[in-house]
Structure formats: C-alpha cells, structure tokens
Amino acid sequence: MEEYVIQTEDLTKSYDSWFKKASRPALNKLNISIPKNCIFGFLGPNGAGKTTTIKILMGLIRPTGGKAVVLGKPYDDVESKNRIGFLPDSPAFTPTLSALEFLDVCARLLKIPSDTRKQRVEEVLEIVRMAPHAKSKIGTFSRGMLQRIGIAQAILNKPDLLILDEPLLGLDPYGRQEFKEIILAQKQQFQASVFFSSHILSDVAEICDNISILNKGKLLCAGPLDTLLSGGGEGVTVDISGTVHVRELITEADQVVKKGNEEWELFFKKPESALLSRINNLSEQFCDAVQIRKGGEDLESFFFKKIEEDNARNN
Amino acid sequence: MSEIMAIASGTWKNILRMKVVYFLIFCVWVLVGIASMYEILTIGHHKPLMMDVSLVLNAIAASLVVLSVTFEIPRELRQGVAATLLTKSLGRTQYLAGKAVGICVAGFVICALIAAGSLIIYALTFSEAIAGPMFQAHFLLIISIIPMASMAVFFATLFPEVAAPVLTIIAIWFAYSTGIIANIPVVYGGLLPNLDLFNFKSHAVYLKPIPILYMILVTVWGIAYALFLLMLTSFFFKVKDIK
Ligand SMILES: Nc1ncnc2c1ncn2[C@@H]1O[C@H](COP(=O)(O)OP(=O)(O)O)[C@@H](O)[C@H]1O
Ligand SMILES: [Mg+2]
C-alpha cells in the first residue's frame, strides 16, 4: 500500500482566461505529502488557495502545472473516488430531492451494493443527527443542516481518505463538537486519513496531528503540529507566576512574554538536560507557580507569526 | 451503467414531480378537444385540424421538456451540485449521458400521455377507430426527443444559464426547418440534425401509413446522432473547470 495518501509535486494553478491574465497564481508550486492515518489541517487566510488545492485533488479543476497523486492514483482517476469522501466548501445538493433520496443517489454513484445501501444511508443520517429530516426536501434545509448532509455523503462509503473544505463552517457549537468527534472517529475506528482546510485555529489545534500553512498560494510550512510549534523539536514553554524562587528562570529563557502582573510565559528553544531537570524540580516544588507545557507557542501566535513574516518578505 | 441511471432517475423524478407538468398536459388535451368546435370555420376539416393540433402541441411539449435540462445543468454547475456528484465515482461523460437519458425518459412519459389523451379524445369525438399512421406519427415525434435532448445537453454544458435555453430553442427551430432550407449548406451539412425526418403530420392526417423500415432507420439515426453529439459535448466538458 502507498505510504502517502496525498502527494503533490510543484502543483500550480493560475486562473488565467484568454482575455485576462491572473496577477499571481492561485497556487504556486505546492509540494505536500500527507502520511496515512493522520488528521491533516490545511490552514491559510481567505484566498490562500486552499479550495483551489482541494478542487485539483478532487479532479474538479485542472492544474496549470505540476503533479498530484491521491491514494496512489492520478488526481483525475474516477475509480479511486470510491475510496474518498469529499465535502465541498459550499455544499449544494439537488434541492428537489429529499435527504434520503439524495444520499441514495450518492450511494449508487459510490457503488455501494444494493442490499446494504438503504441501511448505510439510514446509518449515516443517524450519525449526523438528520434522521428526523430524512424525508424533507433538501431545498428547505438551513446552512447547518446542509453541512450535516454534506458530512453524511462524505462518510457514506467509509472512505480511506476524507477531504473536507471548511467542514466546521456554519455549524453551531454543538454541531462543531459533534463533527470533531465524527472526524476523530473516522481516523480511530476506520483508520482513515483526513485532510481538511480551516481557518478556525482552535479546532485545528484540537484535532489535527499534522498541519500546513498556505499564504497567497505558497506553502509556508508543513509537518507534525507539536514539532512545528516547538520550533524544531525540543522546545519547552513554562508558565510561571509570583514566587521569587522561580525568577531565576527568566534570565535563562530564550523568549519571555509578560502575561500579567507577576506572570510570565517562558520559552526555551533547546533546553539542556540540567536546565530541564531544574525546571522539573521547580514545578514539583511549586506546582501552582510553575507549569510546563510541551511544545512552544500556541497555534494562533504561530500562525500569525508565519503569515506576517511572509507578508513582510513580499513587500 | 448504474451511474448513468442514478443521474437519470434524479433528473426524470425532478421533472415528473412538478405539478405544473400535469396541468400543461391537461391544457393540451383541452386544446385538442376544442379543435372539434371549428367545424364551420374549417368548412368540415375539423378532423384533420384536430390531428394536426395534437401533433403540433405534442412537439411543442417535447421541446419544452427538453429545454428544462438547459436550466438544470447550468444551475447544477453554478451551485456546486455537479461538483458533489462528479467527485463520486462518476465520469463526466456518464454525468452527461445520465442527464440525456433522464430528460428522454421524462419526455417519453409526458409526450406519451399527451399522445394517448389526444388520440382518445379524437376517437371519442368522431366515434372512429384510431388509425395506424396516427400512432406512427406520434411515435416518431416522441423519438425525436432523443436528438433534441442531446442538443440541449450540448448547449447546457457549454453555455451559462440564459444563453443555453435561447440557443437551444434557436437550434431546434433551425433543425425543424432544415428540410425547408436544405439548400443553405451551412445549416444542412453542419451539426444540426434534420428534425423534419420525424415530422409526419400529413401522413397522420391523410392516413398514409409510414413504412416500418423507415421508422426503424430513423430511430437508429436519431440515437446515433445523439451519441455523436454527446461524445462531442463530453470532449469539451472534460477539460472544463467546475466550480
Ligand atoms: N474561478 C476562479 N476564477 C478566478 N480566480 C479564482 C477562482 N477561484 C479562486 N480564485 C482566486 O484564487 C485565489 C485562491 O482562492 P481559494 O482557493 O478559493 O482560496 P481559499 O479557499 O484558501 O480561501 C483567490 O485569490 C481567488 O480570488
Ligand atoms: Mg476556501
């Protein structure tokens, strides 16, 4: 079996038309590899090129350059779509069909055998809590309900790979929680890989193990979340407060952020073992005053830092 | 094949569920019935008039049904429904074929209802058995839906929502007239089918039978033309970026 579920090589897309050339490519030489059985968060501000990438991977639009391989097949392979679940960025389904009928059409397109089809459709409607609305016309659904039908049709075939474009948009807080659970279950129960774009950073930090950040069509960084946030591996963040005994740490930290009155956040890039054990001792002695967090920054400040660095470089 | 039928059944369900369709069928029956009142005006020719009216109205109904796909496909492409379907295990050619089959089935059902109703009204009005050529004329008219559907799918795929139906109407009108303007080579030798091949109003009215061999050949020709145009459409559709 293939080692990566998605691999791209210099993937480029420029929305040129015959009368007007685009000012910059929407996607510029993207190289990403997404390992199996992971939840991969694809981050970037609006217009970064996330949807463009996803549409290329799903064979909806053609790249102007580069290659993309999905589940070991070229991106436009029709057969391998059986193993993929896809949620588009603004889900739209045949408004005149009922939820049940539309999912039945999807199940038939996904070649789910006729003897299990009905049961599977009812099962996914149950999972996304749309069973009470199964017979209602899709045209009458709200944004959040459409998003639920969207997830339902994406997990219908128990996919090996889920590609979701902004899956948490338009959902209420309960819905977001349920969806995160559904996504996690896909990975844990069915060994699926999940690739999803989002700009809701707290959700990404919660469920992703790998991320990449895209800005203006260019990839800024990619890799496992905790490695990226700890700046390369061994970084440690320590929150300290009050007590005089811990003040000595401040002078040794690589980065100090004053969080409040008598409260600091210290970041150690590559602490030596002697220093590490001293920090550990202190945190045992003064457990209220010293708290160790694995990794470095939180995702939010990391994201802003990367985007702003990139924007500054281009100006 | 099952993918094509999945798309097709969605399409025909969509049309056959609209209540207005049955209202229009009813209106056609009423209009056909009214033709019997024109006995004086037509100096006793109200019988052929009724047959003529039923065939003309059925042809109009056929083109209206076919036109509905020129709204449906651009809308599905614009709203993203097509994107959801095409990212399943469904090739683009199969999507187009499904739409064409769906529209044909809907057209067959609607036009068959109109034909059956009109013939029954004719038989009841004149207490006369329905002659073979009348059936044959309605049958060929229903078959003409096949090439028309492929024309509608062609325009619907390549043009946006407003342009597609307008161009389809113009093309159907030209295609009906190719028999008349056959000496304009651009039209006749071009891509348009000759829909006049399916037009047998005079045979129905004057009870001239249509040879069975002709009916078979023209049906085969209609299907072949539709397949050709679908292939051509799919050639363009395959390289199209989908929203
Ligand atoms: N169909 C299109 N035609 C022209 N430009 C487009 C089209 N779709 C997207 N773009 C441009 O491509 C860039 C990336 O868009 P997109 O991939 O939708 O970003 P994201 O999903 O990250 O918000 C944007 O600058 C957008 O304006
Ligand atoms: Mg987007």
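What you see is a predicted model; the values in this text were computed from it and never measured.

Cut-offs and rules
Residues numbered from 1 in each chain as written. Chains lettered and ligands numbered in written order. Predicted model: local features only at pLDDT ≥ 70, side-chain atom pairs only at ≥ 80, totals over all residues. Heavy atoms only, no water. Helix = DSSP H or I, 4+ residues; strand = E, 2+ residues; numbered from the N terminus. Buried < 20%, exposed > 50% of the residue type's maximum accessible area, 1.4 Å probe, protein only. Contact = heavy atoms within 4.5 Å. Areas by Shrake-Rupley, 256 points an atom, 1.4 Å probe, with all protein chains shown as cover. Lys, Arg positive; Asp, Glu negative; His and termini not counted. Charge placed at Lys NZ, Arg CZ, Asp CG, Glu CD. Rg over C-alpha atoms; globule rule 2.2 N^0.38 Å. Pairing = 2+ DSSP bridges. Axes fitted to C-alpha atoms, helices over the stretch in contact; angles between N-to-C directions. Buried area = accessible area lost by both parts, 1.4 Å probe. Salt bridge = Lys/Arg side-chain N within 4 Å of Asp/Glu carboxyl O. Polar contact = N/O pair within 3.5 Å; in protein donor to acceptor, adjacent residues only side chain to side chain. Parallel < 35°, antiparallel > 145°, perpendicular 65-115°, else oblique. Left-handed = near helix turned anticlockwise from the far one by under 90°. Nonpolar A, V, L, I, M, F, W, Y, C, P; charged D, E, K, R; others polar. Near = heavy atom within 4 Å. Core = buried A, V, L, I, M, F, W, Y, C linked by side-chain atoms within 4.5 Å. Patch = residues over 30% accessible without salt bridge, like charges linked within 9 Å, V, L, I, M, F, W, Y side chains within 5 Å. Phe/Tyr/Trp six-rings, centres within 6.5 Å; stacked < 30°, edge-to-face > 60°. Lys NZ or Arg CZ within 6 Å of the ring centre and 35° of its normal. Expected span 1.5 Å × (residues − 1). Arc of directions from axis to C-beta.

Trainee: I'd like a description of the overall build of chain A, backed by residues and values.
Mentor: Within chain A, the secondary structure is distributed over ten helices and 15 strands. Projected onto its principal axes, the C-alpha coordinates of chain A cover approximately 70 × 50 × 40 Å. For chain A, the residues scored as buried account for 49% of the 315 residues in total. Restricting to contacts in chain A with at least 6 residues of sequence separation, those with at least 24 account for 70%. As displayed, chain A has an accessible area near 14,900 Å², and 50% of this comes from carbon and sulfur atoms. Taking the average location of the 40 positive side-chain charges in chain A and that of its 42 negative ones, the two points are 7 Å from each other.

Trainee: An account of the overall build of chain B is requested, with residue identities and associated values reported.
Mentor: The secondary structure content of chain B amounts to eleven helices and zero strands. Of the regular secondary structure in chain B, the N- to C-terminal order runs α-α-α-α-α-α-α-α-α-α-α. On C-alpha atoms alone, chain B measures out to a radius of gyration of 19 Å, which is about the 18 Å that the 2.2 N^0.38 rule sets for 243 residues. Looking at chain B residue by residue over its 243 residues, the buried ones come to 51%. Taking contacts inside chain B between residues at least 6 apart in sequence as the whole, the part at least 24 apart equals 76%. Charged side chains of chain B number 14 positive and 9 negative; the gap between the two group centres comes to 9 Å.

Trainee: I'd like a rundown of the sheet that holds strand β7 (residues 84-87) of chain A, residues and numbers included.
Mentor: All names here are of chain A. Read across the sheet, six strands follow the order β7-β8-β9-β4-β10-β11 without closing on themselves; strand pairing throughout is mixed. Looking along the sheet, the strands with just one partner apiece sit at the ends: β7 and β11 (218-224). The average angle at which neighbouring strand axes cross in this sheet is 10 degrees, direction not considered. For strand β4 (residues 39-43) and strand β9 (residues 193-198), the ladder comprises five bridges, and the chain directions are parallel.

Trainee: How would you summarise the interface of chain B and chain A if you had to cite specific residues and measurements?
Mentor: Each partner contributes residues to the interface: chain B has 28 residues there, and chain A has 29 residues. Carbon and sulfur atoms supply 57% of the area that chain B and chain A bury against each other, a total of about 2,400 Å² over both sides. Looking only at chain B, the three residues that lose the most surface to chain A are Thr 87, Lys 88 and Ser 89 of chain B, adding up to 26% of its buried area. Applying the counting rule to chain B against chain A returns three salt bridges. In this assembly, chain B and chain A are joined by 14 residue pairs in polar contact (both at pLDDT 80 or more). Elements supplying a minimum of two residues to the side of chain B that touches chain A: α1 (2-16), α3 (46-79) and α4 (81-86) of chain B. Among the elements that make up the side of chain B that touches chain A, the one with the highest residue count is α1 of chain B (seven residues).

Trainee: Run through the packing of helix α5 (residues 92-126) of chain B against helix α11 (residues 212-237) of chain B, naming residues and quoting values.
Mentor: Residue and element names in this part refer to chain B. The geometry of α5 relative to α11 is characterised by a closest axis approach of 9 Å and an angle of 135 degrees between their N-to-C directions. Comparing the axis directions of α5 and α11 gives the class oblique. For the element pair α5 and α11, the recorded crossing hand is right-handed. Together, Arg 92, Thr 93, Tyr 95, Leu 96, Ala 97 and Ala 100 of α5 and Leu 230, Thr 233, Ser 234 and Phe 237 of α11 make up the contact between the two elements. Its residues assigned to classes, the contact of α5 with α11 comprises six nonpolar, three polar and one charged.

Trainee: Go over the site of ligand 1, please, and point to the residues and values.
Mentor: Residue and element names in this part refer to chain A. Around ligand 1, the surrounding shell consists of Tyr 15, Arg 24, Ala 26, Pro 45, Asn 46, Gly 47, Ala 48, Gly 49, Lys 50, Thr 51 and Thr 52. In the environment of ligand 1, an oxygen atom lies 3.2 Å from a nitrogen or oxygen atom belonging to the backbone of Ala 48. Contact between ligand 1 and Lys 50: an oxygen atom at 2.8 Å from a main-chain N or O atom of the residue. When isolated, ligand 1 has an accessible area of 570 Å², and the protein chains bury 57% of it. Broken down by class, the residue content of the shell around ligand 1 amounts to four nonpolar, five polar and two charged.

Trainee: An account of the nonpolar core is requested, with residue identities and associated values reported.
Mentor: Core analysis: the biggest nonpolar cluster contains 152 residues, and Ile 163 and Phe 195 of chain A together with Tyr 95 of chain B have the highest contact counts within it. Among the nonpolar cores identified, the runner-up in size contains 13 residues, and Ile 240, Leu 249, Ala 253 and Ile 279 of chain A belong to it.

Trainee: Go over a nonpolar patch on the surface, please, and point to the residues and values.
Mentor: Residues Phe 26, Val 30, Leu 31, Ile 34, Met 37, Tyr 38 and Leu 41 of chain B make up a contiguous nonpolar surface patch of about 710 Å² in total accessible area. Here Ile 34 of chain B lies in helix α2 (residues 19-34).

Trainee: So what about the pattern of salt bridges? Which residues, and what values?
Mentor: Residues and elements named next belong to chain A. All chains considered together, the criterion is met by 19 salt bridges over all chains. A salt bridge links Asp 104 to Arg 108, with the nearest nitrogen and oxygen atoms 4.0 Å apart. Pair noted here: Asp 104 and Arg 108 are both in helix α2 (residues 99-109), with a separation of four residues, about one helical turn. With a relative accessible area of 21%, Arg 108 lands in the partly exposed category. The salt bridge involving Asp 310 is made with Arg 313; its shortest N-O contact spans 3.6 Å. Of this pair, Asp 310 and Arg 313 both sit in helix α10 (residues 299-314), three residues apart, which is roughly one turn of that helix. Exposure remark for Arg 313: the relative accessible area of 58% places this residue in the exposed category. One network of salt bridges, in which partners are shared, links Arg 176, Lys 180, Asp 203 and Glu 206.

Trainee: Can you break down the packing of aromatic side chains residue by residue, with the values?
Mentor: Residue and element names in this part refer to chain B. Overall, the coordinates contain 13 aromatic pairs over all chains when judged by the stated rule. Seen in terms of ring centroids, Phe 155 and Phe 159 are 6.0 Å apart; in terms of plane orientation they differ by 35 degrees. Their pairing is tilted. The buried category is assigned to Phe 155, whose relative accessible area is 14%. The residue whose ring lies beneath Lys 47 is Phe 126, and the NZ or CZ to ring-centre distance is 5.7 Å. Geometry around Phe 237 places Arg 92 over its ring, the cationic atom sitting 5.8 Å from the centre.

Trainee: Explain α10 of chain A to me, using residue names and the numbers behind them.
Mentor: Residue and element names in this part refer to chain A. With 16 residues, α10 extends 23 Å from end C-alpha to end C-alpha; this agrees with the ideal 22 Å at 1.5 Å per step. Within the span of α10, buried status applies to Leu 299, Phe 302, Phe 303, Ile 307 and Asp 310. Looking straight down α10, one finds its buried side chains confined to an arc of 120 degrees; they lie on one side. Counted as exposed and oriented over 90 degrees from the buried face of α10: Glu 308 and Ala 312. Here the buried face of α10 lies against β4, α6 (201-207), β10 (210-215), β11 and α7 (225-229).

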